Structures are given as C-alpha cells and as structure tokens.
Amino acid sequence: MSKQILRRFYNRRVNPPLDSSVAVSPDAVSGAGRVWHGVEHYENFPVASRLLPQRLRPAVTAIYRFARHADDVADEGDAGPEERVARLQALHAALRLAQAGSGGNEPVVDGLTEHVKRHGLSWRYFHDLLDAFEQDLRVRRYPDPEAIADYCRRSADPVGRLMLELFGAATAANLGASDAICSALQRVNFLQDI
C-alpha cells in the first residue's frame with residue numbers, strides 16, 4: 001500500500017472527526033465537509049483524541065498544527081535553506097506580534113492566539129520549537145550527549161510542557177518527568193531515522 005493511501009486511512013481511523021459543536025478553522029474541513037482535526041499530514045498517533053476533554057481538543061489541534069507546519073517548513077518541499085530560515089523567522093515574528101496582542105498573516109499562529117490566552121500557555125515554547133527547526137537546517141551531527149540534550153530541550157520538551165500547561169499540571173515534578181519522556185521520544189526518533 002502506498003503511504004498516501006495509508007495516510008488517508010490511518011488518520012481517519014486514529015484521528016476521528018471532532019463533533020460538530022467544536023469550532024475549527026475552515027481549512028481543517030475535508031472536501032466531504034467532515035472535520036479531521038486539521039491533520040493533513042501522516043501521523044502514527046492520534047491528534048486531539050477523544051480521550052482528551054472536549055474543551056481542550058481545539059487547543060491541542062492548534063498546537064499540533066503550528067508544530068507540524070513549522071516542521072514541514074524546515075524539512076518538506078523544494079525550498080532552499082535560506083528560504084526555509086526566512087519562513088521560520090517569519091513565524092517567530094508572527095509569534096511576537098501575537099504575544100503583543102496584534103494579529104498577523106500567519107494562520108497557524110493566528111489559530112494559536114485564543115488558546116494561548118485562554119489557557120495561559122507560554123509563548124516561549126513555540127519559539128523554542130522554531131529554534132530547533134532552524135537548527136535542523138544547520139546541524140547534521142551532534143558532538144556529544146549534551147548537544148543532543150540541548151536540541152531535545154527545544155525540539156521535544158516544549159510539546160510536553162505545553163500539554164502540562166494546558167491541563168493545569170505544570171508542576172516542577174511533572175515538568176521534569178515530561179522532559180525526560182519527550183527527550184527520550186526524540187532520541188528514539190533519531191534512532192528510527194538511522
């Protein structure tokens with residue numbers, strides 16, 4: 001089976017439609033008019049699962065869409081490194097505008113703003129993700145475990161920290177445990193790439 005066929009099947013099986021009372025952006029609606037969480041990218045995990053409280057699913061979707069978009073800017077398509085860095089810098093600028101209370105022209109950032117405000121999420125974690133994606137464009141090998149840990153701190157740990165903030169559970173103990181899990185998953189991803 002081709003990856004494209006698997007992606008279409010898998011995302012619908014793992015990421016079922018949100019119920020109709022949940023507001024989503026127009027570009028998260030499929031051609032059939034059914035909402036698929038804005039997950040147009042193949043993933044082997046559920047995004048905004050029904051196991052999450054319904055009130056948090058839109059925020060999880062917005063966080064996912066931002067991270068997925070930024071990661072794709074860094075490593076998908078035919079753009080050269082300079083253009084990719086410029087696009088990631090534009091996302092940094094849009095985050096700064098959103099943080100200052102101004103709208104921008106970046107839909108994935110505009111889609112975050114309401115959720116960041118409502119749930120008191122840290123803008124810094126979104127900037128950390130962008131920094132890691134920019135680093136992906138410059139660094140091909142890491143000299144030591146400390147360099148890998150620093151990369152994981154910005155590439156993986158922010159997602160866990162955002163989830164803890166979203167659930168109101170960002171205690172010191174939880175943050176430490178989340179960082180350890182997220183960094184381990186990033187390292188497993190490195191091994192999978194190898």
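This structure is a prediction, so every number in the text was calculated from the model and none was measured. Each residue is numbered by its place in its chain's sequence as written, counting from 1. Predicted model: local features are reported for residues with pLDDT of at least 70 only, side-chain atom pairs are reported and counted for 80 or more only, and whole-chain, interface and lining totals are derived from all residues. As a rule here, side-chain values come from all non-hydrogen atoms in the structure, and water together with hydrogens is ignored.

Regarding the overall build of the chain
This is how the line gets drawn: Secondary structure elements follow DSSP: runs of H or I no shorter than four residues count as helices, runs of E no shorter than two count as strands, and numbering proceeds from the N terminus. With a 1.4 Å probe rolled over the protein chains alone, any residue whose accessible area is under 20% of its type maximum counts as buried; one over 50% counts as exposed, and the rest are partly exposed. By the convention used here, residues are in contact when the closest approach between their heavy atoms is within 4.5 Å. Residue exposure ignores everything except the shown protein chains as possible cover, and the areas themselves are Shrake-Rupley values with a 1.4 Å probe.
Looking only at helices and strands, one finds 8 helices and 0 strands in the chain. A burial count over the chain gives 42% of its 194 residues as buried. Put simply, of all contacts in the chain between residues at least 6 apart along the chain, 60% involve residues at least 24 apart. Counting only carbon and sulfur atoms, one obtains 55% of the accessible surface of the chain, whose full area is about 11000 Å².

Here's the deal with the packing of helix α3 (residues 81-99) against helix α5 (residues 123-138)
Stated precisely, the cut-off is as follows: Helix axes are fitted only over the stretch in contact, all axes being lines through C-alpha atoms; the angle between N-to-C directions runs from 0 to 180 degrees. Our angle categories are set so that under 35 degrees counts as roughly parallel, over 145 as roughly antiparallel, 65 to 115 as roughly perpendicular, and the remainder as oblique. Each residue is assigned to one class: nonpolar for Ala, Val, Leu, Ile, Met, Phe, Trp, Tyr, Cys and Pro, charged for Asp, Glu, Lys and Arg, and polar for all the others, Gly among them.
Their axes nearest at 10 Å, the elements α3 and α5 cross at an angle of 175°. Here α5 runs roughly antiparallel to α3, going by the angle between their axes. Facing α3, whose interface residues are P81, R84, V85, L88, Q89, L91, H92, L95, R96, A98 and Q99, α5 presents W123, F126, H127, L130, D131, F133, E134 and L137. Residues belonging to the contact of α3 with α5 are distributed by class as follows: 11 nonpolar, 4 polar and 4 charged.

Here we look at the pattern of salt bridges
Put simply, the rule is: The salt bridge definition used is simple: a Lys or Arg side-chain nitrogen within 4 Å of an Asp or Glu carboxyl oxygen.
Counted under the stated rule, the structure contains 8 salt bridges. Between D71 and R68 there is a salt bridge whose closest N-O contact spans 2.5 Å. Placement of the pair is D71 and R68 together in helix α2 (residues 57-75), with a separation of 3 residues, close to one helical turn. For R68, a relative accessible area of 17% translates into the label buried.

Overview of α2
As a reminder, the rule being used: An expected span of 1.5 Å times one less than the residue number is assigned to each helix.
In this model, α2 (19 residues) spans 27 Å end to end at C-alpha, consistent with the 27 Å of a helix rising 1.5 Å per residue. For α2, the buried fraction is high: 16 of the 19 residues fall into the buried class. After α2 finishes, the residue G77 shows a positive phi value of roughly 85°.

Quick word on the confidence of the model for the chain
The criterion, for reference: On a scale of 0 to 100, pLDDT captures the predictor's confidence in every residue.
Overall, the predicted model of the chain reaches an average pLDDT of 81, with 76% of residues at or above 70. Per-element confidence in the chain is highest for helix α7 (residues 157-166), whose mean pLDDT is 97, and lowest for helix α1 (residues 3-14), whose mean pLDDT is 42. Scored below 50 in pLDDT, residues 1-39 makes 63 contacts in the model with residues more than four places away or belonging to other chains.

A few points about the packing of aromatic side chains
Our working definition: Here the aromatic set is Phe, Tyr and Trp, taking the six-membered ring for Trp, and pairing holds for ring centres within 6.5 Å; pairs whose planes are under 30 degrees apart are stacked, those over 60 apart are edge-to-face, and all others are tilted.
In this structure the tally under the stated criterion is 5 aromatic pairs. Look at Y142 and Y151: their rings are 5.6 Å apart centre to centre, the planes differ by 45°, and that puts the pair in the tilted class. One aromatic cluster is present, formed by F66, W123 and F126 through successive ring pairs.

Description of the packing of α2 against α7
Quick note on the threshold: Note on convention: the crossing is left-handed when the near helix lies turned anticlockwise from the far helix by less than a right angle, right-handed when the turn is clockwise.
Interhelical geometry of α2 versus α7 gives an angle of 160° and a closest axis separation of 11 Å. Considering the angle they form, α2 stands roughly antiparallel to α7. Regarding α2 and α7, the two cross each other, and that crossing is right-handed. Residue-level inspection shows A59, V60 and I63 of α2 in contact with α7, the latter providing L162, M163 and L166. Here the contact of α2 with α7 is composed, by residue class, of 6 nonpolar, no polar and no charged.

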